[in-house]
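Coordinates in review
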Amino acid sequence: MNHFSKKSISMALVLFVIGILPGFAQNYHYQKIVGWSDLTNSKIQNFLESTVTMKQRKVAVFDCDGTLFGQCPHYLADEALYDYAVRTYKGKKDANSIAKMKIVDQLLHGNNVGVEYVKNRIRFLSGTTSEKIQNIGYDMFKEKYQNKFYPQMKTLLSNLRNYGFEIWIISASPELLYQRFCCEQLGISEDRMLGVRSLIKADGTVTDQLVYPVPQDEGKAEVVNTFVKAKPLFAAGNSRGDMEMMNTSVGLKLILNPNNTKKEAVFGGKTCKEYWAADPNCITEYVRDVPEKDYKYVCDQLGVKKNAVSNVFTPEVVTY
């Protein structure tokens, strides 16, 4: 065999090995989610195994507050925003400080689950830089929320990655406020952390000009269609605000800590728990979300209503 032939064969073998390595590199390993039932684990594992041969994009979408990390006693977005407002603007007489505190008053006395509320959050944050807003959220996370990510959900995300899923977060909270700590904690890229966003000028200044769609209620499904551009195979949420997003899933769904006391028209007169219990493709599970330590919350000082406590040992969501 001449030198040229040997060289050709060697090159062919190299190309062959390179070609098959991606298949071997994929780690189809399922790690049991501690704290959830064997039935839940079996359903999730069987679902993931069923996707192994799929050639399409495998997308999983998640709500953030109450789904990936705790929201008890208060949303991180609210505590970060109000803490910053009190430290930066309260009691000052300049026009900007007065205007900002007026927005805070509107936030405190408005509907905290409506579109106008998320718009006012952006109005409050406008005028500063994107880096500053990321730091405000990150600093609050480190101060009072660094132990609030649910370990069960981190394991679930790890399992999804092992089976080749893209992880996307779709939140009604300000995108920049959550971007830095969520991406750091969950190992996702910033372009897959989608929240309420507004136009950012060339110099990095954030404006109050909203970028649509706004990920609130049905807007979350619109965000999936507009930015994710794929039908999710998995979707997870915890409240009414996630219904439309979860219903974009053509595969498995997960509802966490669903309310079982408030009947809502959007659920056909059912509670959140009842609505999803009727969906054969939806798993209901619970995670523990209770106040930690003796943190002094600015939200408490301002009279913000506390979010529900979830006791994983007695799977009901209760209020203070």
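Worth saying up front: this structure is predicted, and the values here are computed from it rather than measured.

Looking now at the nonpolar core. Counting residues in each nonpolar core, the largest one holds 63 residues, and the members touching the most others are F62, Y178 and F234. Core analysis: the second largest hydrophobic core is formed by 17 residues, I170, V224, M245 and F267 among them.

This part is about the sheet that holds strand β7 (residues 252-256). In space, the 6 strands of this open sheet follow the order β3-β2-β1-β6-β7-β8, with parallel pairing throughout. Strand pairing shows two members of the sheet lacking a second neighbour, β3 (193-196) and β8 (282-285), which therefore form its edges. Here the average twist between neighbouring strands, direction ignored, is 15°. Alignment of strand β6 (residues 234-237) against β7, held across 4 bridges, turns out to be parallel. For A236, the partnering residue across the bridge sits in β7 and is L254. Running over the sheet, helix α5 (residues 115-125) touches β2 (166-174) and β3 and is turned about 80° from β2. The strands touched by helix α7 (residues 151-162) within the sheet are β1 (59-62), β2, β6 and β7, with β1 carrying the most contacts at an inclination of about 160°.

Right, let's get into helix α3 (residues 76-88). Helical geometry: 3.6 residues make up each α-helical turn, so side chains three or four residues apart lie on a common side. Between its first and last C-alpha atoms α3 spans 18 Å; for 13 residues at 1.5 Å apiece the expected length is 18 Å, and the two agree. Buried residues along α3 sit in contact with α4 (95-108), α5, α6 (130-145), β2, α8 (175-186) and α12 (298-301).

Put simply, C72 and P73 share a cis peptide bond, and its omega is 5°. Relative to the elements of secondary structure, P73 occurs in the loop between β1 and α3. A cis amide bond links Y212 with the next residue in sequence, P213, at an omega value of 0°. As for its placement among the helices and strands, P213 is situated in the loop between β5 (206-210) and α9 (218-228). In this model, D217 sits at a positive phi of 55°, which is unusual for a non-glycine residue. Inspection of the secondary structure assignment puts D217 in the loop between β5 and α9. Here the phi dihedral of N257 falls at roughly 45°; this positive angle occurs in a residue that is not glycine. Relative to the assigned elements, N257 resides in the loop between β7 and α11 (272-277). A relative accessible area of 9% places N257 in the buried class.

Quick look at the packing of α4 against α5 now. Look at α4 against α5: their axes get within 9 Å of each other, and the N-to-C directions meet at 160°. Of the possible angle classes, the one that applies to α4 and α5 is roughly antiparallel. For the pair α4 and α5, the crossing hand works out as left-handed. Between α4, through K100, I103, V104, Q106 and L107, and α5, the contact on the second element is made entirely by Y117, N120, R121, R123, F124 and L125. In the contact of α4 with α5, the residues fall into 6 nonpolar, 2 polar and 3 charged.

Take the packing of aromatic side chains next. Inspection of the entire model under this criterion finds 18 aromatic pairs. Considering the side-chain rings of F69 and Y178, the 5.9 Å spacing of their centres and the 50° angle between planes classify their relative orientation as tilted. One end of the pair, F69, is in the loop between β1 and α3; the other, Y178, is in helix α8, with 109 residues separating them in the sequence. Residue classification places F69 among the buried positions, given a relative accessible area of 0%. Taking the relative accessible area as the measure of exposure, Y178 reaches 0% and is therefore buried. Seen in terms of ring centroids, Y275 and W276 are 4.8 Å apart; in terms of plane orientation they differ by 85°. Their pairing is edge-to-face. The partly exposed category is assigned to Y275, whose relative accessible area is 23%. When its relative accessible area of 0% is taken as the criterion, W276 is described as buried. In this structure an aromatic cluster arises from ring pairing among F69, F141, F149, Y178 and F181.

So, how was this worked out
- Note on numbering: residues in each chain are counted from 1, in written sequence order.
- pLDDT decides what is reported in this predicted model: residues at 70 or higher carry local features, side-chain atom pairs at 80 or more are listed and counted, and totals for whole chains, interfaces and linings draw on all residues regardless.
- Here the side-chain values reflect all heavy atoms present in the structure, with hydrogen atoms and water set aside.
- As used here, the term nonpolar core means buried Ala, Val, Leu, Ile, Met, Phe, Trp, Tyr and Cys residues forming a set that is joined through side-chain atoms within 4.5 Å.
- Only protein chains enter the calculation, and the probe is 1.4 Å; a residue is then buried if its accessible area is under 20% of its type maximum, exposed if over 50%, and partly exposed in between.
- Pairing between strands is defined by DSSP: at least two bridges between the two strands are required.
- To qualify as a helix, a DSSP run of H or I must reach at least 4 residues; to qualify as a strand, a run of E must reach at least 2; elements of each kind are numbered from the N terminus.
- Every angle, taken between N-to-C directions, lies between 0 and 180 degrees, and every axis is a line fitted to C-alpha atoms, over only the stretch in contact when it is a helix.
- Contacts are assigned to residue pairs with any non-hydrogen atoms lying within 4.5 Å of each other.
- A helix's residues, less one, multiplied by 1.5 Å, set its expected span.
- Here the word oblique covers every angle except those under 35 degrees (roughly parallel), over 145 (roughly antiparallel) and from 65 to 115 (roughly perpendicular).
- Two helices crossing with the near one rotated counterclockwise from the far one by less than a right angle form a left-handed crossing, whereas a clockwise rotation gives a right-handed crossing.
- Residue polarity follows a fixed list, in which Ala, Val, Leu, Ile, Met, Phe, Trp, Tyr, Cys and Pro are nonpolar, Asp, Glu, Lys and Arg are charged, and the others, Gly among them, are polar.
- In this analysis, rings of Phe, Tyr and Trp, with Trp reduced to its six-membered ring, are considered paired at centre separations within 6.5 Å, and the interplanar angle assigns stacked below 30 degrees, edge-to-face beyond 60, and tilted for intermediate values.

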